[in-house]
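A structural walkthrough
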Amino acid sequence: MTKFKHPYNDIITIQNLLRAWEAFLCGKRKKQDVVLFHAKLMDNILELRQELTEKTYHHGGYHYFNISDPKPRNIHKASVRDRLLHHMLYQELYPFFDRQFIYDSYSCRLGKGMHKAIRQFKRMARKVSGNNTRTCWVLKCDIKKFFANIDHAILKTIFARYIEDRDILWLFGRVIDSFSTQGKNGIGLPLGNLTSQLFVNVYMNELDQFVKRTLKATYYIRYADDFVLLFQNKEWLSEQIPKIASFLESELKLSLHDDKVFIKTLASGVDFLGWIHFSNHSVLRTTTKKRMLRRLQDHPTDETLQSYLGLLRHGNAYQLKNEILRSAQNDKRIKPKTVLTITRFLVFINVRRNILRLTFL
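Residues numbered from 1 in each chain as written. Predicted model: local features only at pLDDT ≥ 70, side-chain atom pairs only at ≥ 80, totals over all residues. Heavy atoms only, no water.

A word on the packing of helix α2 (residues 14–25) against helix α5 (residues 80–98). The contact between α2 and α5 brings their axes to 8 Å, and the two run at 105°. When the axis of α2 is compared with that of α5, the two are roughly perpendicular. Here Asn 16, Leu 17, Arg 19, Ala 20, Trp 21, Ala 23 and Phe 24 of α2 come into contact with α5, specifically with Val 80, Arg 83, Leu 84, His 87, Met 88, Gln 91 and Glu 92. Tallied by class, residues from the contact of α2 with α5 come to eight nonpolar, three polar and three charged. (Axes fitted to C-alpha atoms, helices over the stretch in contact; angles between N-to-C directions. Helix = DSSP H or I, 4+ residues; strand = E, 2+ residues; numbered from the N terminus. Parallel < 35°, antiparallel > 145°, perpendicular 65-115°, else oblique. Contact = heavy atoms within 4.5 Å. Nonpolar A, V, L, I, M, F, W, Y, C, P; charged D, E, K, R; others polar.)

This is the structure we're talking about:
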């Protein structure tokens, strides 16, 4: 197994803390707690550096709030000081761990993301189905209360296999143990920490390696706690469910969500990452569409509009794009330049559709 070679003292340098601060500042410069920390930046960084050097650092508490995206979630926000540390740990260790992950893990990774996961799903579906000449079966799984059930002891053990420096492991332990799910000591990670994104991928890499190496699954994609296996044989996929469930329970103390595990043919429609995917097309999930239109009505910013239009490129949503455009044209909060760009894009799409239709007449 490849080991992380950098020593503790090379990680907790003033230069690394300042570099992490610059990354942390993005989009937060006007926040009151950030402004206060920045007013005495060097004093705060030197104090943090001293605590890390003397190993007297203690992670502070969390401020929590609720969001609905789309289901209710509890977000836990650490202090600026602790979030600065999170950024430093992430920037120093992410490149190493990212190289350990399988190619088809797409959540919270540079150069990956939901859009690429969707495109890869479609590529795999074409291969398994032989360009729609064979039946493509899809096993879709979801893990029950994912973040809330991450076991601290198991996570620390996994890190210890990659990292030999005890001081780095001590610091990781400080961050990991700073939060526990209510009523479950030593269990759970906060949704608000940047380090949590890395931690869960390190944790779930154990499952990824099991599926790829032990189960020998060629067509497998994971995005956070959602994952799919594609194959031509339904019986083989059925046999993998108890194996996956057993591994999750015994090795990671996680369990599959009983109501969200199914095997379906691609032709009948597979719900994955906000879209219902069919053999020749994909349609937006109804709940996703309603949430999108509601957000655009409440917060119609240029960034939100562009983001959703980027999402709609991955399926058959021409009518929905027109609906969004009509709404944007009547909203003075959307820049005219953005509306013009969208209009030209939709005209191009419409012309291309007509050309394709004429080609097959």
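There's more to say after this.
Here we come to the pairing of strand β4 (residues 220–223). Going residue by residue along β4, you find Tyr 220 and Arg 222 tucked away on one face and Ile 221 and Tyr 223 tucked away on the opposite face as well. In textbook terms, the turn of a hairpin is the stretch between consecutive antiparallel strands, and for β4 and strand β5 (residues 226–231) this stretch comprises two residues, one of which, Ala 224, has a positive phi near 60°. (Buried < 20%, exposed > 50% of the residue type's maximum accessible area, 1.4 Å probe, protein only. Pairing = 2+ DSSP bridges.)

Attention now moves to the sheet that holds β5. The strand order across the open sheet formed by four strands is β4-β5-β3-β6, and the pairing between neighbours is antiparallel. Strands at the two margins of the open sheet, each flanked by one partner only, are β4 and β6 (262–265). Recorded for the sheet is a direction-independent mean angle of 20° between the axes of neighbouring strands. In this structure, strand β3 (residues 137–142) lies alongside β6, joined through four bridges in antiparallel fashion. If you follow Lys 140 over to β6, its bridge partner there is Phe 262. Running at roughly 165° to β4, helix α6 (residues 114–129) makes contact with β3, β4 and β5 of the sheet.

Moving on: unusual backbone geometry. The residue Lys 253 is not glycine, and still its phi comes out positive at about 55°. Assignment of secondary structure puts Lys 253 in the loop between α10 (234–252) and β6. Look at Leu 273: it is not a glycine, yet its phi comes out positive at around 60°. Within the secondary structure layout, Leu 273 lies in the loop between β7 (270–272) and β8 (275–277). Residue classification places Leu 273 among the buried positions, given a relative accessible area of 7%.

All right, on to the pattern of salt bridges then. A complete count under the given rule lists 11 salt bridges for this structure. The salt bridge involving Lys 77 is made with Asp 33; its shortest N-O contact spans 3.9 Å. Residue Lys 77 is located in strand β2 (residues 72–78), and its partner Asp 33 is located in helix α3 (residues 32–39); the two are separated by 44 residues in the primary sequence. Three or more residues are tied together by salt bridges with common partners; here these are Asp 33, Lys 77 and Arg 83. (Salt bridge = Lys/Arg side-chain N within 4 Å of Asp/Glu carboxyl O.)

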